[in-house]
Amino acid sequence: MYISSLILNNFRNYESERLEFSPLTNVIYGDNAQGKTNILEAVYLFSQGRSHRAKTDRELIRFDMPAAKISVDFHDSVRDYCASMQISRGGKKQIKVNHVQITKLSMLMNYLNVVMFSPEDLELVKGSPSVRRRFIDSAISQLSPAYLINLTDYHKTLAQKNSCLKAMKIAGKKSDMMLSVWNEQLSELGVKIMKARGEFLTLLDKFAQVIQSEISSEKLKLTYMPSVRIEELTKEAYLEVLERHRRREIDFASALCGISRDDMGISINGRPARIYGSQGQQRTATLSLKMAQAEYIHYMKEEYPLLLLDDIMSELDINRRMYLSQRIRDKQVLITSTDTDLRADTGDTKLFKIQNGRVVK
């Protein structure tokens, strides 16, 4: 899978720009705050439907402009695609793939697969469980629109349940029929999500262990740590756990267990990497996770995703940098950097110098 061109109109600090990419390595370089990461962000939007860093879509529109438009041409082993996205200050995004309107985010998934790697991803190891949940959910959703639908429905139902619990506390009620209704729905959706997360992490663990061993000869282990501990993944077993927490949830006016509290355990040589891992070990584990995600996509789709590396080479020591360079040599990758030294690491590259939202010679 690769992209051949990207057009930006009033996106971030770009007024109007077209970029033609190599199917292999592309280095986007220039000083800080010139718009390098904006290019990666625009590509990422067509994979996830949302930015990896903006809180609102309005941040993506060039200052004082009413709308932004992005277009991308990309290709997989089966067919060619053209996609466009218009982002307006006063309305929703308008997305089209091969001139067909995309009305739901789940319809966009599985077209353009990407793996983004940025310095912030170090939080995968040392950050909070919510960071690791987002990683898991994003990785699965790329290949499974059904998973995204279940996840969205789960969080909507959870919000309804929390509203019910708060209303019960205010009214001093100890029972409410709707609480049972929400628990029933959460149980059905929760089991589906748990199964998908467990299967994903089983595969990711196999790929990550091999990669970690190649880099450092250390033993990396990924484990699924669900909040709901049940021997059999059935709706009935999940519901039983929720019902056991009913009295405490009413007292706290909030849901206390469920897939929204899951985590992923990351250990190196049998010890939790978050607590005992050195900075170098944590960076290696993060690199292994991201490269394992690319291998997972290749396993599921029989082709590699597009790799987006946002100023990550400067975060790696020479050994990890050389390893990564070898792994990406035969794949399409967009790399941002403040210099062009990456040519020595990655071989033949296409270079794009960015200056104040423009590609310059």
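## Here's the deal with the packing of aromatic side chains
- One pass over the structure, following the stated rule, counts six aromatic pairs.
- A ring pair is formed by Phe74 and Tyr81, whose centres lie 4.9 Å apart and whose planes are at 10 degrees; its orientation type is stacked. Comparing Phe74 with Tyr81, the two get one shared label, buried.
- An aromatic cluster is built from Phe74, Tyr81 and Tyr111, whose rings are joined through pairwise contacts.
- Directly above the aromatic system of Tyr276 lies the positively charged group of Arg271, at a separation of 4.2 Å from the ring centroid.

## Some words on the nonpolar core
- With 59 residues, the main nonpolar core has Leu204, Ile266 and Leu324 as its most contacted residues.
- Among the elements that take part in this core, helix 6 (residues 177-216) stands out by supplying 14 residues, more than any other.
- Not counting residues within four places of it along the chain, the set of residues in contact with Leu204 comprises Phe135, Leu222, Leu289, Ala292, Gln293 and Tyr296.
- Counting 39 residues, the second largest nonpolar core, distinct from the first, contains Ile3, Leu40, Ala68 and Ile87.

## Overview of the sheet that holds strand 6 (residues 94-97)
- The strand order across the open sheet built from six strands is 2-1-4-5-6-7, with neighbouring strands paired in antiparallel fashion. Looking at the sheet topology across the chains shown, the edges are occupied by strand 2 (14-20) and strand 7 (100-102). Within the sheet, the average angular offset between the axes of one strand and its neighbour, ignoring direction, is 15 degrees.
- Inspection of the sheet shows strand 4 (residues 67-75) paired to strand 5 (residues 80-88) by nine bridges, in the antiparallel sense. Paired with Lys69 across the bridge in strand 5 is Gln86.
- Against the sheet, helix 1 (residues 36-48) makes contact with strand 1 (2-11), strand 2, strand 4 and strand 5, and its axis sits at roughly 110 degrees relative to strand 1, the strand it touches most.

## With respect to the packing of helix 5 (residues 145-171) against helix 6
- The geometry of helix 5 relative to helix 6 is characterised by a closest axis approach of 9 Å and an angle of 150 degrees between their N-to-C directions. Relative to helix 6, the element helix 5 lies roughly antiparallel. Two packed elements cross with a definite hand, and for helix 5 against helix 6 that hand is left-handed. Here helix 5 contributes Tyr147, Asn150, Leu151, Asp153, Tyr154, Thr157, Leu158, Gln160, Lys161, Cys164, Leu165 and Met168 to the contact with helix 6, which in turn contributes Met178, Leu179, Trp182, Asn183, Gln185, Leu186, Leu189, Gly190, Lys192, Ile193, Ala196 and Arg197.
- Looking at the contact of helix 5 with helix 6 residue by residue, the class counts come to 14 nonpolar, six polar and four charged.

## Digging into the side chain of Ser267
- Among the secondary structure elements, Ser267 is positioned in strand 10 (residues 263-268).
- Residue Ser267 is classed as buried on the basis of its relative accessible area of 17%.

## Considerations on the sheet that holds strand 14 (residues 349-354)
- Taken in spatial order, the six strands line up as 8-12-13-3-14-15 in an open sheet, and their pairing is mixed. Looking at which strands have only one partner, the edges of the open sheet turn out to be strand 8 (114-117) and strand 15 (359-360).
- The sheet contact formed by strand 3 (residues 25-29) and strand 13 (residues 333-337) spans five bridges and is parallel. In the strand pairing of strand 13, Asn26 is matched with Leu334.

## Quick word on the environment of Gln160
- With respect to the helices and strands, Gln160 occurs in helix 5.
- Sequence separation of Gln160 and Trp182 is 22 residues, and the distance between their C-alpha atoms is 7.3 Å.

## Thoughts on helix 10 (residues 279-301)
- For helix 10, built from 23 residues, the straight-helix expectation of 33 Å at 1.5 Å per residue is met to within 8% by its first-to-last C-alpha distance of 33 Å.
- Downstream of helix 10 by a residue or two, Glu302 has a phi angle that is positive, lying close to 65 degrees.

## Examining the pattern of salt bridges
- In the structure shown here, the tally under the stated rule is 18 salt bridges.
- Between Arg358 and Glu17 there is a salt bridge, with its nearest N and O atoms 3.4 Å apart. In this pair, Arg358 is assigned in the loop between strand 14 and strand 15 and Glu17 in strand 2, connecting sequence segments 341 residues apart.
- Classification of Glu17 by relative accessible area gives buried; the value is 10%.

## A closer look at unusual backbone geometry
- For Asn110, which is not glycine, the phi torsion reads 80 degrees and is therefore positive.
- With a phi angle near 65 degrees, Glu302 is a residue other than glycine that sits in the positive phi range.
- Assignment of secondary structure puts Glu302 in the loop between helix 10 and strand 12 (306-310).
- Residue classification places Glu302 among the exposed positions, given a relative accessible area of 69%.

Procedures and definitions
Residues numbered from 1 in each chain as written. Predicted model: local features only at pLDDT ≥ 70, side-chain atom pairs only at ≥ 80, totals over all residues. Heavy atoms only, no water. Phe/Tyr/Trp six-rings, centres within 6.5 Å; stacked < 30°, edge-to-face > 60°. Buried < 20%, exposed > 50% of the residue type's maximum accessible area, 1.4 Å probe, protein only. Lys NZ or Arg CZ within 6 Å of the ring centre and 35° of its normal. Core = buried A, V, L, I, M, F, W, Y, C linked by side-chain atoms within 4.5 Å. Helix = DSSP H or I, 4+ residues; strand = E, 2+ residues; numbered from the N terminus. Contact = heavy atoms within 4.5 Å. Pairing = 2+ DSSP bridges. Axes fitted to C-alpha atoms, helices over the stretch in contact; angles between N-to-C directions. Parallel < 35°, antiparallel > 145°, perpendicular 65-115°, else oblique. Left-handed = near helix turned anticlockwise from the far one by under 90°. Nonpolar A, V, L, I, M, F, W, Y, C, P; charged D, E, K, R; others polar. Expected span 1.5 Å × (residues − 1). Salt bridge = Lys/Arg side-chain N within 4 Å of Asp/Glu carboxyl O.

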